[in-house]
Amino acid sequence: MTTLRHYEPWTLLDQFRRDIEQMFARGGTTTDGDSTVATSAWIPAVDIKEEGNHFIIEADIPGVDPKEIEISMANGVLSFKGERKLESREHNNDYHRVERLHGTFYRRFSLPDTADADKIAASGKNGVLQIKIPKKEVVQPRKITVQVTD
């Protein structure tokens, strides 16, 4: 005996729409376990490089004062967040135009065990945030001599 099932192709899309609406109803936050994490209005482009004795993260953040960026490190995760506030005004005899580019950003990166979290340094110049993460010095194994006793 064959059982017929009703199939609704839009169910998954409907659930996605409801989830998005719920997220915006909570003011742009998502819940991750016991913590609430703010979502980003925009996501800066990031380059990650590994060089000889350090890692470098470079983020494009035009229009953001580097002093206004909050960088933190906890449990092997490096986070940085901030807000961009730009306004462009154009006046002409025939029209008046104002454009604003704004929004918060939030990025997180898991760092390898070789990263030295105590020596992380950050700098900003020309709209680029650079975070330099030194590697821990490699500890050489120590050879232990076995003494022979009588």
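Worth saying up front: this structure is predicted, and the values here are computed from it rather than measured. (Residues numbered from 1 in each chain as written. Predicted model: local features only at pLDDT ≥ 70, side-chain atom pairs only at ≥ 80, totals over all residues. Heavy atoms only, no water.)

Some remarks on the sheet that holds strand β3 (residues 46-51)
Logical step 1: Ordered by their spatial adjacency, 4 strands build an open sheet running β3-β4-β9-β8, and the pairing between neighbours is antiparallel. Bordering the open sheet on either side are β3 and β8 (121-125), each of which pairs with just one other strand. Strand-to-strand twist in this sheet, taken as the mean axis angle between neighbours without regard to direction, amounts to 15°.
Logical step 2: Summarising the sheet, β8 and strand β9 (residues 128-134) pair through 5 bridges and their orientation is antiparallel. Bridging across to β9, Lys125 finds its partner in Val128. (Pairing = 2+ DSSP bridges. Helix = DSSP H or I, 4+ residues; strand = E, 2+ residues; numbered from the N terminus. Axes fitted to C-alpha atoms, helices over the stretch in contact; angles between N-to-C directions.)

Remarks on the nonpolar core
Logical step 1: Ranked by internal contacts, the top residues of the largest apolar core, which has 16 residues, are Ile61, Ile69, Phe80, Phe105, Leu129, Ile131 and Ile133.
Logical step 2: Those elements that place two or more of their residues in this core are β4 (54-60), β6 (77-91), β7 (96-110) and β9.
Logical step 3: Excluding its chain neighbours within four sequence positions, the residues that come into contact with Ile131 are Phe55, Ile56, Ile57, Ile71, Leu78, Phe80, Ile120, Ala121 and Ala122. (Core = buried A, V, L, I, M, F, W, Y, C linked by side-chain atoms within 4.5 Å. Buried < 20%, exposed > 50% of the residue type's maximum accessible area, 1.4 Å probe, protein only. Contact = heavy atoms within 4.5 Å.)

Examining the environment of Asn126
Logical step 1: As for its placement among the helices and strands, Asn126 is situated in the loop between β8 and β9.
Logical step 2: Here Asn126 falls in the exposed class, since its relative accessible area comes to 73%.
Logical step 3: Linking Asn126 and Val64, residues 62 residues apart in sequence, is a C-alpha distance of 9.7 Å.

Points about a nonpolar patch on the surface
Logical step 1: A contiguous nonpolar surface patch, about 440 Å² in accessible area, is contributed by Trp10, Leu13, Phe16 and Ile20.
Logical step 2: According to the relative accessible area criterion, Trp10 is exposed, its value standing at 55%. (Patch = residues over 30% accessible without salt bridge, like charges linked within 9 Å, V, L, I, M, F, W, Y side chains within 5 Å. Areas by Shrake-Rupley, 256 points an atom, 1.4 Å probe, with all protein chains shown as cover. Salt bridge = Lys/Arg side-chain N within 4 Å of Asp/Glu carboxyl O.)

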